[in-house]
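Coordinate inspection notes
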Amino acid sequence: MRLLVVEDNTELAELLTKGLNAAGLAADVVATAQDARGVLATTRYAAVVLDLGLPDEDGLAVLRDLRARQDATPVLVLTARGGVQDRVIGLRGGADDYLTKPFALEELVARLQALLRRPGALLGRSLCVGNIAFDTEARQVFIGEAPQYFSAREVAVLEILMRRSGRVVSKKLVEDQLFGLSIDVGSNAVEVYIHRLRKQLADNGATAQIHTIRGVGYLIAEDKEP
Ligand code: CA
């Protein structure tokens, strides 16, 4: 799980990344709106910490563009502007949360963790685990930039797992979501889909894998960095 910190104050940026790392969250840092746009266009982050007072542009413009592209990545706005009006503008601009400087690092981490837990964060149009991206409307899966071709059932299984990435999903739940409650499915149907998905993901350089948790179910998770 990777976060993006957009902050031009290098000391603060360093403090933030240290605090996030201590909480088990990896973060990339950029200091300008232009760089933020650049990385956000090419990299999917679990969440963004966005400073508004950036040297080149207002952070809100970055946020607005992100939302205009239908990108639902959770954004926590971090700013010295603490007025009610500013908060409202930030939230209307598509921020998921708002924290005013000065702030306690613990509070920032706690708020980010709450954002990451929020199911809404994973209900967006695009899902992403490692370098696997899934456009749920177009039903198109990508590994990196490369489109992948799966059967409709395989895509459905992948979606169920990706919407719960990092969590174990029981085989029963996959069966129920896939076939509905009323149909009695062959006992290994889901296993067959999982097997094909797993192979194709591995063969195409995916940086996330589907793990089998024996007797419990399945889990898709990003590979741990070495
Ligand atoms: Ca600033």
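This text follows the structure it describes.
Residues numbered from 1 in each chain as written. Predicted model: local features only at pLDDT ≥ 70, side-chain atom pairs only at ≥ 80, totals over all residues. Heavy atoms only, no water.

**As for the pairing of strand 12 (residues 217-222)**
Burial analysis of strand 12 places 5 of its 6 residues in the buried class, which makes it a mostly covered element. Bridge count between strand 10 (residues 169-170) and strand 12: 2 bridges; the pairing is antiparallel. Among the inter-strand pairings, V169 is bridged to a residue of strand 12, identified as Y218. Bridge count for strand 11 (residues 208-213) against strand 12 is 6 bridges, and the pairing is antiparallel. When the sheet's bridge partners are listed, H211 is paired in strand 12 with L219. Count of turn residues in the strand 11/strand 12 antiparallel hairpin: 3 residues, of which G215 carries a positive phi of about 75°. (Buried < 20%, exposed > 50% of the residue type's maximum accessible area, 1.4 Å probe, protein only. Helix = DSSP H or I, 4+ residues; strand = E, 2+ residues; numbered from the N terminus. Pairing = 2+ DSSP bridges.)

**A closer look at a nonpolar patch on the surface**
A cluster of nonpolar side chains, namely V168, I213 and V216, defines an oily patch on the protein surface of about 210 Å² accessible area. Within the secondary structure, V216 is located in the loop between strand 11 and strand 12. (Patch = residues over 30% accessible without salt bridge, like charges linked within 9 Å, V, L, I, M, F, W, Y side chains within 5 Å. Areas by Shrake-Rupley, 256 points an atom, 1.4 Å probe, with all protein chains shown as cover. Salt bridge = Lys/Arg side-chain N within 4 Å of Asp/Glu carboxyl O.)

**Examining the coordination of the calcium ion**
Taken together, D8 (OD), D51 (OD) and G53 (O) make up the full set of protein donors to the calcium ion, lying 2.2 to 2.4 Å away. Donor residues binding the calcium ion come from one chain and are separated in sequence as D-x42-D-x1-G. Here D8 is found in the loop between strand 1 (2-6) and helix 1 (10-22), whereas its partner D51 is found in strand 3 (residues 47-51), with 43 residues between them in sequence. Owing to a relative accessible area of 3%, D51 belongs among the buried residues under this scheme. (Donors = N, O, S within 2.8 Å, 3.2 Å for Na, K, Ca; no water.)

**Notes on the environment of F103**
Tracing the sequence through the fold places F103 in the loop between strand 5 (97-100) and helix 5 (105-117). The buried category is assigned to F103, whose relative accessible area is 19%. With residues near it in sequence (within four places) discarded, F103 still touches L12, L16, L78 and L108. (Contact = heavy atoms within 4.5 Å.)

**Comments concerning the sheet that holds strand 4 (residues 75-79)**
Ordered in space as 2-1-3-4-5, the 5 strands form an open sheet in which the pairing is parallel. In this open sheet, the two strands that pair with only one neighbour each are strand 2 (26-30) and strand 5. Geometrically, the sheet is characterised by an average inter-axis angle of 20° between neighbouring strands, direction not taken into account. As defined by bridge partners, strand 1 adjoins strand 2 across 5 bridges and the pair is classed as parallel. From the neighbouring strand, R2 faces strand 2, where its bridge partner is A26. (Axes fitted to C-alpha atoms, helices over the stretch in contact; angles between N-to-C directions.)

**What about the sheet that holds strand 6 (residues 126-129)?**
On the basis of which strands lie adjacent, the open sheet formed by 4 strands has the order 6-7-8-9 and antiparallel pairing. The open sheet has two edge strands, strand 6 and strand 9 (146-148), and neither has a second partner. Between one strand axis and the next, the sheet turns through 25° on average, direction left out of account. The pairing of strand 8 (residues 140-143) with strand 9 spans 3 bridges and is classified as antiparallel. What sits directly across from I143, in strand 9, is A146.

The values are spatial; any link to function lies outside them.
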